Every structure is written in structure tokens, then in C-alpha cells.
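Here is how the chains run, residue by residue.
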Amino acid sequence: MTRTATPRKPRARSQARIDSILDAARTLLAAEGVASLSIYSVAERAGIPPSSVYHFFASVPALLQGLTADVHAAFRACLQVPIDHAQLNHWHDLSRQVEQRMLTIYSQDAAARQLILAQHGLTEVIQADRQHDLELGELLHKLFARHFELPALPHDVDVFALAMELGDRVYARSVQQHGQITPRMAEEGMRVFDAYLGLYLPPYLPKRDAP
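Residues numbered from 1 in each chain as written. Predicted model: local features only at pLDDT ≥ 70, side-chain atom pairs only at ≥ 80, totals over all residues. Heavy atoms only, no water.

- Where an unreviewed UniProt entry is consulted, the protein appears under the name TetR family transcriptional regulator, with the organism given as Pseudomonas rhizophila.

1. What to know about empty space enclosed by the protein
- Within this structure, the stated rule accounts for 1 cavity of 30 Å³ or more.
- Lining of the largest cavity is provided by His72, Phe75, Glu99, Met102, Tyr106, Ile116, Asp129, Asp133, Leu136, Met164, Asp168 and Tyr171.
- Secondary structure elements with two or more residues in the lining of the largest cavity: helix 4 (60–80), helix 5 (91–108), helix 7 (123–147) and helix 8 (159–178).
- Partitioning the lining of the largest cavity into residue classes produces 7 nonpolar, 1 polar and 4 charged. (1 Å grid on protein atoms, 1.4 Å probe; cavity = no way out; pocket = protein on both sides within 12 Å on 5 of 7 lines; lining within 4 Å. Points joined across faces, edges and corners; volume = space filled by probe spheres on them. Helix = DSSP H or I, 4+ residues; strand = E, 2+ residues; numbered from the N terminus. Nonpolar A, V, L, I, M, F, W, Y, C, P; charged D, E, K, R; others polar.)

2. Remarks on the nonpolar core
- Counting 58 residues, the largest nonpolar core has Leu140 and Leu197 as the members making the most contacts within it.
- Listing elements by their share of this core, those giving two or more residues are helix 1 (12–32), helix 2 (39–46), helix 4, helix 5, helix 6 (110–117), helix 7, helix 8 and helix 9 (183–197).
- Excluding anything up to four places from it in sequence, Leu140 contacts Leu79, Val98, Phe160, Met164 and Phe193. (Core = buried A, V, L, I, M, F, W, Y, C linked by side-chain atoms within 4.5 Å. Buried < 20%, exposed > 50% of the residue type's maximum accessible area, 1.4 Å probe, protein only. Contact = heavy atoms within 4.5 Å.)

3. Quick word on the packing of aromatic side chains
- By the definition in use, this model includes 5 aromatic pairs.
- Centre to centre, the rings of Tyr40 and Tyr54 are 6.4 Å apart; their planes meet at 80 degrees, and the pair counts as edge-to-face. With Tyr40 in helix 2 and Tyr54 in helix 3 (residues 50–56), the pair connects residues that are 14 residues apart, well separated along the chain.
- Among the residues examined, Tyr40 registers a relative accessible area of 53% and is labelled exposed.
- Here the aromatic rings of Phe75 and Tyr106 are separated by 5.3 Å at their centres, their planes lie at 65 degrees, and the arrangement is edge-to-face. Placement of the pair is Phe75 in helix 4 and Tyr106 in helix 5, with a sequence separation of 31 residues. Of the two residues, Phe75 and Tyr106, neither departs from the other in class, the shared state being buried. (Phe/Tyr/Trp six-rings, centres within 6.5 Å; stacked < 30°, edge-to-face > 60°.)

4. Regarding the environment of Leu150
- Position of Leu150 relative to the elements: it lies in the loop between helix 7 and helix 8.
- Taking the C-alpha atoms as reference points, Leu150 and His72, separated by 78 residues in sequence, lie 25 Å from one another.
- Aside from chain neighbours lying at most four places away, what touches Leu150 is His141, Phe144, Ala145, Phe160, Leu201 and Leu205.

5. Let's talk about the UniProt feature "domain: HTH tetR-type" (unreviewed entry) in the protein
- Following the UniProt record, the feature "domain: HTH tetR-type" (unreviewed entry) maps to residues 15–75 here.
- For residues 15–75, the helix share is 80%, the strand share is 0%, and the end-to-end C-alpha distance is 21 Å. (UniProt positions renumbered as here; feature names shortened; annotations may be inferred.)

6. Overview of helix 4
- An ideal rise of 1.5 Å per residue puts 30 Å on 21 residues; helix 4 measures up with 30 Å between its terminal C-alpha atoms.
- Along helix 4, the residues that are buried comprise Leu63, Leu64, Gly66, Leu67, Thr68, Val71, His72, Phe75, Cys78 and Leu79.
- Residues of helix 4 that are buried in the fold lie against helix 1, helix 2, helix 5, helix 6 and helix 7. (Expected span 1.5 Å × (residues − 1).)

Below you can see the structure in the form of C-alpha cells.
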């Protein structure tokens, strides 16, 4: 997949304006959902002219892509929080910690649930989410390899990214039916995550002496 050039880091003033726009969009998204989001409603919420929003985000899909990147930044950060190696007895212990961290983000961030788990049908957001999932899958692969000796895995399938996507399908069903991820469906999502990984990871993986 061809990657676009990495944009220059915005100046502090521009970044502050971008942050205020994303914060306003996040608040509206959490309260009213994707369908009601518009450049004008975000501008009104942020207390700035619509032209200022358009300057940074040319359309609602572009704005939602920015929010999706913001959400996935939180997911990446949670994967980079150190794991207590001594407390890991089985690779399932690691997978449960990872999924619990991601579930915490979903439970605390209604915008994340709306963007990733709700049915909105926005192609741009779905594609951005999948690309970010590949990046998360790579981080997750490295995390598992840091703590356990992994077997050879297929090169044509991103096992860890797909495991996350399958777990998200279960969480999405819960959000669509109940407006949230219920404890029962959270457990089912984690079981799906482990079950798919279990197709490629043996029941026992040798633990590394140190990460």
C-alpha cells in the first residue's frame, strides 16, 4: 500500500486550533452520533468560524479520519505501557491485559465507540480504521514476541490485527444492541480474540527470561 508523505508538524497555534476542533467534534459525536455531525455544528461548538474548520478539515469524512487517528493513538499508547513480565504465566494473561486496556478506552470514550464500533458506513473512516489496525497489529506482535517465544506466523495474514478486528465485531454488536459494551459481550469479545490467536499460537508458549 502506498503511503502518503508524512505531514509537517503543525505550529503550536495551529495545533491548538486543531485540538479544539477535534474536541468539539468528539463531544458532538459522543452525544449525537456520526449522522448529525457537520462542519457548521463543529464550528459552533468550538466557537470558531466554519472557515477555520475547513482550513484544517476539508470535509466531515476528513474530520472523522482525524478523530479516528486520535482514537488509535490512544490504543497505541495503551500497548506501549509496560507489562509486568513476572506476572505473565501464559500468553492468555498477556492477551487479557491488552484487551482489558482497549476495553477501558472504549468504555471511557463514546466517540471511539461511535467511530469504530457503530454502523455508520463511511468508507473513509472504515479504511482509516483498517490501516490503523495494521499498525496496532504490528505493535501487538512485537509485544507478544517481547514476552514469549512465538512460532513462525504466516506472512500473508496479519494474525494480530485480524484478531483485534474479530474481537471488535463482537463489541460492535453489543454497542448496536445496547449502546455500550456489556460485561457479557466484553468477555465474549476477549474469547473470540483468544480463540483466533489460538489457531496460530500453541496452548503453551515458552516465556522469555526477560522482556
